[in-house]
Amino acid sequence: MSAILPFLLTFLALSQAQPYSDDPPPPSSTVCIVGAGIGGSSVAHFLRKYSPDSSRATKIRVFERNGVVGGRIATVTVAGETFEAGASILHPKNLHAVDYTKILNLKVKEPGSDSLSLGIWNGNDFVFKTIKLSCNVPLIDKLLKLPITNTLVSLVNSALMFVRYGFSLLKMQNFVENTVEKFLKYYEGHDSRPVFETVDEMLQWAGLYNLTTRTLQDELVDAGLSTSLINELVTVITRVNYGQSVYMSGLAGAVSLAGSGAGLWSIEGGNWQMAAGLINQSVVALHLHEEIRSVADLGDYYELNSTKGKSYKCEVAVVATPLDELDIQFFPPISIPERKLQHTHTTFVRGLLNPAYFGLKAVTKIPDLVGTIEDPNIPFSSISVLKKHNEKESSYKIFSRQPMADTLLDSIFSVRKETIRINWAAYPHYHAPEVFAPFILDRRHLYYVNAFENAASTMETSAVAAENIARLILSRYFGKVIVHSSNMSASSQGEGTHLDL
């Protein structure tokens, strides 16, 4: 995606049902944002970016019920190493994230040089495995990790993939590339990109709406993918990235597939730094450990009441956290479609896998990433090696739909020195056709960033939705004329300890 050219666009304030909505906003206004994840921090960022003259006149308050910012972006420390615990990967064409990285002077984490092996587990056997080269002799193992060796291994593994799945691999790639190309429209200049009041029109404008009305399975069958590729490799990817099957809705499934391609990246030290950096530079009043319990429309402003017994007056209110499992009371009541969140249980283990569990004789024979097919009897979605510390100890990351009991972990691992469990209400449970909550929760100035999550849930889609919300606020409340160039944790635990977060 090329850099966005300078643009000029006049936003006209939309007429409102209330008689006072056409009056100019007061000289000093407050925007309250509930949630300090990538969505909430991005709203604050784009409000400042697109309306720099409002920095002094407009106060922005950000409320976060936890003690840290980032929301579903977080890190854990295992054996002295920091790993992503929540949203962990970014796509090369996630242009808002690329822009954040530049303006915040964040360091991109360099990808590992080793070629990682993949195994697809059906509960009894590996139906497919790529090769990996390793040796217990240090000198030979060092030679096996040379760049030329990794290149040869990669070529062999590509050949193995092609032998099993054939030209369906190219059809899958084309399907993903076509979807990504449509998504890139959201980075176009404001002279050609409208402000969207609903998720439906936002998706229709980019040509993505139909993907939310059908399952990924149906889309891939129509694209000509083989049954074996859909049931094996595609299923592994959707289970890893969304904890769901190929019967999830098509757009979210396509985004999941895009998250398995080349060039994926992250931020050195944790992706949460994007949210923290945006909040720091956006001149906001940050309220940590303060959960909003109610939002009341009192006519000229909203009153937000928190768990600390405090009340806040805000002319504009933005909800930037999923409402599905929160108990925020709205007066008058709002109406949004019911949806369930997909809980992903992320378990970090420092120890050593048990080869006997996989029917193997040596731990070196276990692939670096063990993906699984869709089978209710398989207790995990994936197990991946995060870092190999030595021959007797590595750090692993396990995704599962249910908590991993100690007895189960003890059968999968021969050695388990440290265990950290996190239960994420990670993303919507996708099903087609999707029904979307409104961006505007009332007829005035109560906005909902996470309405877009029913299309797809990633750091970048949150940023894209947040940018649109910021433009909505500036056009509907402030009536702004925008002249701007667009550029596009947990602590380490000791030996033998186990922690639930």
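Under an unreviewed UniProt entry, the name given to the protein chain is Prenylcysteine oxidase, and the source organism is Cajanus cajan. Under the UniProt heading Sequence similarities (unreviewed entry), the note attached to the protein chain is "Belongs to the prenylcysteine oxidase family."

Undergrad: Now, about the overall build of the protein chain: what can you tell me, with residues and values included?
TA: Tallying secondary structure elements over the protein chain gives 12 helices and 21 strands in all. Each of the 501 residues in the protein chain was classed as buried or not, and the buried ones make up 53%. Carbon and sulfur atoms form 54% of the exposed surface of the protein chain, whose accessible area is close to 21900 Å².

Undergrad: Hey, could you go over the side chain of arginine 339 for me, with residue numbers and the actual values?
TA: Tracing the sequence through the fold places arginine 339 in the loop between β13 (329-331) and β14 (341-353). Among the residues examined, arginine 339 registers a relative accessible area of 15% and is labelled buried. Separated by 2.8 Å, the side chains of arginine 339 and aspartate 324 make a polar contact. A distance of 2.5 Å separates the side chain of arginine 339 from the side chain of asparagine 454, its partner in a polar contact. Sequence-distant contacts of arginine 339, defined by excluding residues within four places in its chain, comprise Pro322, Asp324, Pro428, Tyr448, Asn450, Glu453 and Asn454.

Undergrad: How would you explain the pairing of strand β12 (residues 316-319) if you had to name every residue and give the values?
TA: Where burial is concerned, the two faces of β12 agree: the one with Val316 and Val318 and the one with Ala317 and Val319 are both buried. Strand direction decides the pairing type here: strand β2 (residues 29-34) and β12, joined by 4 bridges, are parallel. By the bridge assignment, valine 34 is partnered in β12 with valine 319. Bridge count for β12 against strand β19 (residues 446-448) is 3 bridges, and the pairing is parallel.

Undergrad: Describe the environment of threonine 364, with residues and values.
TA: Position of threonine 364 among the secondary structure elements: in the loop between β14 and β15 (369-372). You can call threonine 364 partly exposed: its relative accessible area is 31%. In this structure the C-alpha to C-alpha distance between threonine 364 and lysine 132, which are 232 residues apart in sequence, comes to 8.9 Å.

Undergrad: Lay out the pairing of β15 with the relevant residues and their values.
TA: The sheet contact formed by strand β6 (residues 118-121) and β15 spans 4 bridges and is parallel. Its bridge partner lying in β15, leucine 118 is registered against leucine 369. Where β15 meets strand β16 (residues 382-390), 3 bridges bridge the pair, whose relative direction is antiparallel. Paired with glycine 371 across the two strands is serine 382, which belongs to β16.

Undergrad: Break down helix α9 (residues 250-258) for me, with residues and values.
TA: Residue pairs three or four apart in sequence face the same way in an α-helix, which turns once every 3.6 residues. Taking burial as the measure, the 9 residues of α9 include 8 buried ones, the bulk of the element. Residues Gly250, Leu251, Ala252, Gly253, Ala254, Ser256, Leu257 and Ala258 constitute the buried set of α9. Those residues of α9 that are buried lie in contact with α5 (168-183), α6 (199-206), α7 (216-222) and α8 (227-242).

Undergrad: Explain the nonpolar core residue by residue, including any values.
TA: Ranked by size, the top nonpolar core spans 138 residues in total, and within it Leu304 and Val318 carry the most contacts. At 10 residues, the largest contribution of residues to this core is made by helix α12 (residues 459-476). If we ignore the near neighbours within four places in the chain, the residues touching valine 318 are Val31, Cys32, Ile33, Val34, Val43, Tyr447, Val449, Ile469 and Ile473.

Undergrad: For a nonpolar patch on the surface, give the residues involved together with the corresponding values.
TA: A contiguous nonpolar surface patch, about 190 Å² in accessible area, is contributed by Ile131, Val156 and Leu160. Structurally, isoleucine 131 is set in the loop between β7 (126-129) and α3 (138-144).

Undergrad: Outline unusual backbone geometry, listing residues and values.
TA: A cis amide bond links phenylalanine 331 to the next residue, proline 332, at an omega of -5°. By the element assignment, proline 332 lies in the loop between β13 and β14. In this chain, alanine 432 is followed by proline 433 through a cis amide linkage whose omega measures -5°. Of note in the backbone geometry, asparagine 105 takes a positive phi value of approximately 55° without being a glycine. Position of asparagine 105 relative to the elements: it lies in the loop between α2 (95-103) and β6. The exposure class of asparagine 105 is exposed, given its relative accessible area of 69%.

Definitions and limits used
Residues numbered from 1 in each chain as written. Predicted model: local features only at pLDDT ≥ 70, side-chain atom pairs only at ≥ 80, totals over all residues. Heavy atoms only, no water. UniProt positions renumbered as here; feature names shortened; annotations may be inferred. Helix = DSSP H or I, 4+ residues; strand = E, 2+ residues; numbered from the N terminus. Buried < 20%, exposed > 50% of the residue type's maximum accessible area, 1.4 Å probe, protein only. Areas by Shrake-Rupley, 256 points an atom, 1.4 Å probe, with all protein chains shown as cover. Polar contact = N/O pair within 3.5 Å; in protein donor to acceptor, adjacent residues only side chain to side chain. Contact = heavy atoms within 4.5 Å. Pairing = 2+ DSSP bridges. Core = buried A, V, L, I, M, F, W, Y, C linked by side-chain atoms within 4.5 Å. Patch = residues over 30% accessible without salt bridge, like charges linked within 9 Å, V, L, I, M, F, W, Y side chains within 5 Å. Salt bridge = Lys/Arg side-chain N within 4 Å of Asp/Glu carboxyl O.

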